[in-house]
Amino acid sequence: MYSVKIYGAGSIGNHLAHACRDKGWEVLMTDIDPAALQRTREDIYPSRYGGWDPDIRLRGMGALPKEHFDVVIIGTPPDTHVRLATQVLENSSPQVLLIEKPLCNPPLVGVQKIVDLQKATGSFVAVGYNHTMTENSRRAAQILQQNLIGDPITISARFREHWGGIFGAHPWLNGPRDSYLGFFERGGGASGEHSHAINIWQHFARLVGAGRIVEVSAAMDIVDDGVVKYDRICLINVKTEVGLVGNIVQDVVTEPAQKAARIQGTKGFLEWFVNFKSGHDAVHYRDGKGEVREELIKKTRPDDFKGEVDHIEQILNGGDRAGSPISIERGLDTMLVIAAAHISYRHKRSVRINYDRGYTTDAVELL
Ligand SMILES: NC(=O)c1ccc[n+]([C@@H]2O[C@H](COP(=O)([O-])OP(=O)(O)OC[C@H]3O[C@@H](n4cnc5c(N)ncnc54)[C@H](O)[C@@H]3O)[C@@H](O)[C@H]2O)c1
């Protein structure tokens, strides 16, 4: 049985606590806000999963036991991730450290230290882009591997979702100004919050051999009322190192939500959907005979995190870390595109990502 410590007893902290308990692992949750621990026990966990699990330990930050944990999860706001992750790696060496997405704020300050500490400690550091590990993504990967769609021509991805749903899951918040969500500089806004779209675009680009994103051109619709400052719409055109062009759309205004990706090839296409219809993800594709197929994949919200926690279990059991879709390097590739999008929007110019410069905004050059 593995042991898990979760920082942040909010929405994602509860999802991941439940997914870990489902594995029979020991879970301790902590939070800087005692009200969050109380809400977890009395409200979030019971209302989502049918009852409180008394085997979960809830502890204030000042009462954390000095124990070794196999897994540490950071499920706090993005602008706290780097400091917490650095502290965790400096003071203990969990086998796995999972940091929620987005990894940090767009300026990327301090992330190289986490990469260095990963190497020094031997911990596996992951970033929570869980959509790469859900059943629809595994199925999409199998279909792409069979090369049914021919050579890739273009990829599109969109995570367009009015954030009423997010605030519905956070009834204790009155709106974007109450959290990082209303501040792109703190990792909120559409560019950070819905960065699953950038990440799944990169995931599929890798699977079809299109390489990394090297050029970015972005347009944004920024809400700035003197208090909040966030992109409610973030449109990104991209080009990869092999010259494949495509686009990524993230917004916090679309209702009902659209979460999808499409890969067009020379012989066919593949479309990947999250919540295609109630209780189902889906994959559509044109097979070798020219017929369009639809595969519906039954799922619940807890299933969104199952593949990710299964993957962590494989790593704990000595499984291969190389090529992990949730490695910190992959999460940083996504962060570089978020940073590049903001720089492109600010300068009204296309930008180039120079990966040789490391994980810093110096890697983003104006074109
Ligand atoms: N992968 C996913 O699908 C997914 C889903 C939801 C949220 N997230 C991500 O998870 C992160 C948290 O989002 P959320 O919706 O759970 O937020 P939330 O506001 O519901 O919870 C965050 C909690 O962290 C606590 N916290 C803040 N600073 C802390 C610190 N320094 N130490 C300990 N606790 C601290 C807060 O008190 C709060 O209870 C964000 O980065 C978000 O993007 C990912």
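Residues numbered from 1 in each chain as written. Predicted model: local features only at pLDDT ≥ 70, side-chain atom pairs only at ≥ 80, totals over all residues. Heavy atoms only, no water.

1. Focus: the nonpolar core
In a soluble, globular protein the nonpolar side chains are often hidden away together inside.
At step 1: Counting residues in hydrophobic clusters, the biggest one holds 82 residues, and the most contacted among them are Leu-97, Leu-103, Trp-201, Val-216, Ile-236, Leu-270 and Trp-272.
At step 2: No other element matches the ten residues that helix H10 (residues 328-347) contributes to this core.
At step 3: Residues within four places of Leu-103 in sequence aside, it is in contact with Pro-78, His-81, Val-82, Val-111, Val-127, Ile-328, Leu-332 and Met-335.
At step 4: Among the nonpolar cores identified, the runner-up in size contains 31 residues, and Tyr-2, Ala-126, Leu-316 and Ile-326 belong to it. (Core = buried A, V, L, I, M, F, W, Y, C linked by side-chain atoms within 4.5 Å. Buried < 20%, exposed > 50% of the residue type's maximum accessible area, 1.4 Å probe, protein only. Helix = DSSP H or I, 4+ residues; strand = E, 2+ residues; numbered from the N terminus. Contact = heavy atoms within 4.5 Å.)

2. Considerations on the pattern of salt bridges
At step 1: Tallied over the full model, the rule gives 25 salt bridges.
At step 2: Two residues, Asp-79 and Arg-186, come together in a salt bridge whose shortest N-O distance is 2.8 Å. Of the two residues, Asp-79 is situated in helix H3 (residues 78-91) and Arg-186 in the loop between helix H6 (164-168) and helix H7 (189-193); the sequence distance between them amounts to 107 residues.
At step 3: Residue Asp-79 is classed as partly exposed on the basis of its relative accessible area of 33%.
At step 4: A salt bridge links Glu-193 to Lys-101; the nearest nitrogen and oxygen atoms lie 3.9 Å apart. One end of the pair, Glu-193, is in helix H7; the other, Lys-101, is in the loop between strand E5 (96-99) and helix H4 (111-121), and 92 residues separate them in sequence. (Salt bridge = Lys/Arg side-chain N within 4 Å of Asp/Glu carboxyl O.)

3. A look at helix H1 (residues 11-22)
At step 1: End to end, H1 covers 17 Å across twelve residues, agreeing with the expected 16 Å (1.5 Å per residue, within 8%).
At step 2: Most of H1 is tucked away, with eleven of its twelve residues classed as buried.
At step 3: Buried residues of H1: Ser-11, Ile-12, Gly-13, Asn-14, His-15, Leu-16, Ala-17, His-18, Ala-19, Cys-20 and Arg-21, and no others.
At step 4: One or two steps after H1, the chain reaches Gly-24, where phi turns positive at roughly 85 degrees. (Expected span 1.5 Å × (residues − 1).)

4. Considering unusual backbone geometry
At step 1: A cis geometry characterises the amide bond from Lys-101 onward to Pro-102, with omega recorded as -20 degrees.
At step 2: As for its placement among the helices and strands, Pro-102 is situated in the loop between E5 and H4.
At step 3: Residue Pro-256 follows Glu-255 across a cis peptide bond; omega there is -10 degrees.
At step 4: Tracing the backbone shows Pro-256 in the loop between strand E10 (245-251) and strand E11 (258-265).
At step 5: At Leu-108, a position not held by glycine, the phi torsion is positive, near 60 degrees.
At step 6: Topologically, Leu-108 is positioned in the loop between E5 and H4.
At step 7: The exposure class assigned to Leu-108 is buried, which follows from its relative accessible area of 3%.
At step 8: Positive phi values are uncommon outside glycine, yet Lys-348 reaches one of about 50 degrees.

5. With respect to the sheet that holds strand E1 (residues 3-7)
At step 1: Taken together, six strands build an open sheet; the order of strands is E3-E2-E1-E4-E5-E6 and the sheet is parallel. Of all the strands in the sheet, the pair left with one neighbour each is strand E3 (57-60) and strand E6 (124-127). Neighbour to neighbour, the strand axes of the sheet diverge by 20 degrees on average, direction disregarded.
At step 2: Pairing analysis gives four bridges linking E5 to E6, with the strands arranged parallel. Following the sheet pairing, Val-96 is matched in E6 by Phe-124.
At step 3: Packed on one face of the sheet, H1 meets E1, strand E2 (26-31), strand E4 (71-74) and E5 and runs near 165 degrees to E2. (Pairing = 2+ DSSP bridges. Axes fitted to C-alpha atoms, helices over the stretch in contact; angles between N-to-C directions.)

6. Some remarks on the layout of surface pockets
At step 1: The volume enclosed by the largest pocket comes to roughly 1,400 Å³.
At step 2: Contributing to the lining of the largest pocket are 50 residues, with Ser-11, Ile-12, His-170, Tyr-180 and Glu-193 lying nearest its centre.
At step 3: Those elements giving two or more residues to the lining of the largest pocket turn out to be H1, E2, helix H2 (34-49), H3, H6, strand E12 (269-277) and helix H9 (303-316).
At step 4: Among the elements that take part in the lining of the largest pocket, H3 stands out by supplying five residues, more than any other.
At step 5: Residues belonging to the lining of the largest pocket are distributed by class as follows: 18 nonpolar, 18 polar and 14 charged.
At step 6: Lining of the second largest pocket is provided by 15 residues; of these, Lys-5, Tyr-7, Leu-64, Asn-91 and Ser-92 occupy positions nearest its centre.
At step 7: Among the elements of the structure, E1 and H3 are those that each provide at least two residues to the lining of the second largest pocket.
At step 8: If one sorts the elements of the lining of the second largest pocket by residue count, H3 sits on top with three residues.
At step 9: Taken together, the residues of the lining of the second largest pocket break down into eight nonpolar, four polar and three charged. (1 Å grid on protein atoms, 1.4 Å probe; cavity = no way out; pocket = protein on both sides within 12 Å on 5 of 7 lines; lining within 4 Å. Points joined across faces, edges and corners; volume = space filled by probe spheres on them. Nonpolar A, V, L, I, M, F, W, Y, C, P; charged D, E, K, R; others polar.)

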